Amino acid sequence: MKKLIIGILLTLPASVFAQPSSQVAWTPEQLNFVKNGNPSKGQELAKACAGCHGDKGISPSPTYPSLAGQLPTYLYKQLQDYKNGNRADPMMGPVAQGLSEQEAADLAAWFGSQPAVFQSASLMNYEQAENLVKNGNRERTLPPCEVCHGKDGKGQAMDIPALSGQNAAYISYTLKTFKNGTRRNDIYSRMRLIAESLTDQEIDELGFYYQNIKN
Ligand code: HEC
Ligand code: HEC
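Small disclaimer: the values here were computed from a predicted structure and weren't measured.

(A) Structural view of the coordination of the iron atom of ligand 1. All of the protein donors around the iron atom of ligand 1 are His53 (NE2) and Met92 (SD); their distances to the metal are 2.0 to 2.2 Å. In this structure, the iron atom of ligand 1 is surrounded by 6 donor atoms whose angles at the metal cover 86 to 178°, and the resulting shape is octahedral. Remark: Met92 occurs in helix α6 (residues 92-97) and His53 occurs in helix α4 (residues 50-53); sequence separation between them is 39 residues. Owing to a relative accessible area of 10%, His53 belongs among the buried residues under this scheme.

Structural data, given as structure tokens:
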């Protein structure tokens with residue numbers, strides 16, 4: 001029996017073992033550090049991001065997320081998560097590893113200060129998506145998205161991202177990675193639990209819904 005258990009443990013991927021979903025802890029010091037990020041230094045550094053995220057954080061491609069108008073604390077947390085391997089991506093991993101904490105805070109301040117741009121998308125099933133956003137679903141114990149992401153989709157302190165104006169393709173892609181567990185950097189599994197009970201079709205509709213919310 002003992003051998004069997006050891007055998008099973010050896011075959012499990014390392015990620016199964018109690019790895020925190022994020023190493024970022026929002027202490028008052030950490031919040032102040034991000035709040036004091038220097039946007040003009042961030043603007044200089046952001047030249048290295050422009051190819052994928054656009055000059056001012058409006059992504060030229062629907063598969064790359066826009067960063068303009070996003071909460072700096074959320075942006076900073078994601079950069080630390082990529083750096084520490086808590087969020088895995090072959091493009092962002094090496095980018096984040098090359099950034100100091102100060103540079104991450106400066107970049108977060110710059111992108112967060114840029115205005116988000118509204119890009120309309122054709123809607124699939126507006127009513128169904130709106131119903132999930134505003135009412136959730138009791139049978140599936142799904143809370144309404146707007147409880148956390150806000151009525152205007154602009155997110156909330158500290159770590160709840162804005163979704164309004166984000167690319168639909170990116171939203172549905174990232175929700176599917178929460179659903180299948182490849183994205184696992186959400187503290188308390190808040191998004192994994194929600195995404196698990198959404199169908200792929202609902203996920204796609206929610207992406208279009210949020211891309212269409214005016215900022
Ligand atoms: C080669 C293309 C590329 C470059 C260059 C790049 N990124 Fe990214 N970035 C991506 C992709 C792709 C994703 C989405 C990855 C995923 O699904 O986790 C992403 C995601 C992000 C996210 C998470 C956004 C969210 O909504 O969760 C942040 C923050 C970010 N990038 C910041 C930066 C910064 C800052 C730079 C420059 C220092 C940069 N990126 C350079 C491709 C790139
Ligand atoms: C209990 C609060 C809560 C609820 C309810 C909630 N979210 Fe989230 N959501 C979060 C948090 C926190 C994060 C950030 C996770 C992290 O740290 O990476 C997040 C992240 C996301 C992201 C990733 C955004 C990005 O830029 O990568 C998407 C997309 C998203 N949520 C969509 C939704 C949708 C759609 C719903 C409703 C079906 C929903 N959320 C309901 C808390 C919530």
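(B) Region of the structure containing the domain arrangement of the protein. Examined at the domain level, the protein breaks down into domain 1 (27-113) and domain 2 (126-211). When each unit is reduced to the centre of its C-alpha atoms, the spacing between domain 1 and domain 2 is 21 Å. Of all residues in domain 1, Leu71, Tyr74 and Arg87 bury the most surface against domain 2, accounting for 34% of the area lost on that side. Inspection of the region where domain 1 meets domain 2 yields 0 salt bridges. Linking domain 1 to domain 2 there are 12 residue pairs in polar contact (both at pLDDT 80 or more).

(C) Spatial organisation of the site of ligand 1. Not every one of the 21 residues close to ligand 1 is listed here, only the nearest: Cys49, Cys52, His53, Tyr74 and Met92. Within the side chain of Tyr82, a nitrogen or oxygen atom sits 2.7 Å from an oxygen atom of ligand 1. Mapped onto the shell around ligand 1, the elements with two or more residues apiece are α4, α5 (72-84), α6, α7 (101-113) and α10 (168-179). When residues of the shell around ligand 1 are assigned to their parent elements, the largest contribution, 5 residues, is made by α5. A class-by-class count of the residues in the shell around ligand 1 yields 17 nonpolar, 2 polar and 2 charged.

(D) Main features of the site of ligand 2. As a matter of local geometry, ligand 2 sits amid 24 residues, with Cys145, Cys148, His149, Tyr170 and Met191 nearest to it. With respect to ligand 2, the side chain of His149 contributes an N or O atom lying 2.8 Å from a nitrogen atom. Interatomic distance of 3.4 Å between a side-chain N/O atom of Asn185 and an oxygen atom of ligand 2. Counting residues per element, the shell around ligand 2 draws most heavily on α10, which supplies 5 residues. Taken together, the residues that form the shell around ligand 2 break down as 15 nonpolar, 4 polar and 5 charged. Summarising the domain contributions, the shell around ligand 2 has at least three residues from each of domain 1 (27-113) and domain 2 (126-211).

(E) Broad picture of the nonpolar core. Ala46, Tyr76, Leu107 and Phe111 are the most contacted members of the largest nonpolar core, which totals 19 residues. Elements that contribute at least two residues to this core include exactly α5, α6 and α7. No other element matches α7, which puts 6 residues into this core. Look past the residues within four positions of Leu107 in its chain and what remains in contact with it is Gly42, Leu45, Ala46, Cys49 and Leu99. Of all hydrophobic cores here, the second largest spans 17 residues; its members include Leu175, Met191, Ile203 and Ile213.

Here is what the cut-offs are and how they apply
Residues numbered from 1 in each chain as written. Chains lettered and ligands numbered in written order. Predicted model: local features only at pLDDT ≥ 70, side-chain atom pairs only at ≥ 80, totals over all residues. Heavy atoms only, no water. Donors = N, O, S within 2.8 Å, 3.2 Å for Na, K, Ca; no water. Tetrahedral: all angles 85-135°; square planar, octahedral: opposite > 155°, others 65-115°. Helix = DSSP H or I, 4+ residues; strand = E, 2+ residues; numbered from the N terminus. Buried < 20%, exposed > 50% of the residue type's maximum accessible area, 1.4 Å probe, protein only. Domains from an automatic or database assignment. Buried area = accessible area lost by both parts, 1.4 Å probe. Salt bridge = Lys/Arg side-chain N within 4 Å of Asp/Glu carboxyl O. Polar contact = N/O pair within 3.5 Å; in protein donor to acceptor, adjacent residues only side chain to side chain. Near = heavy atom within 4 Å. Nonpolar A, V, L, I, M, F, W, Y, C, P; charged D, E, K, R; others polar. Core = buried A, V, L, I, M, F, W, Y, C linked by side-chain atoms within 4.5 Å. Contact = heavy atoms within 4.5 Å.

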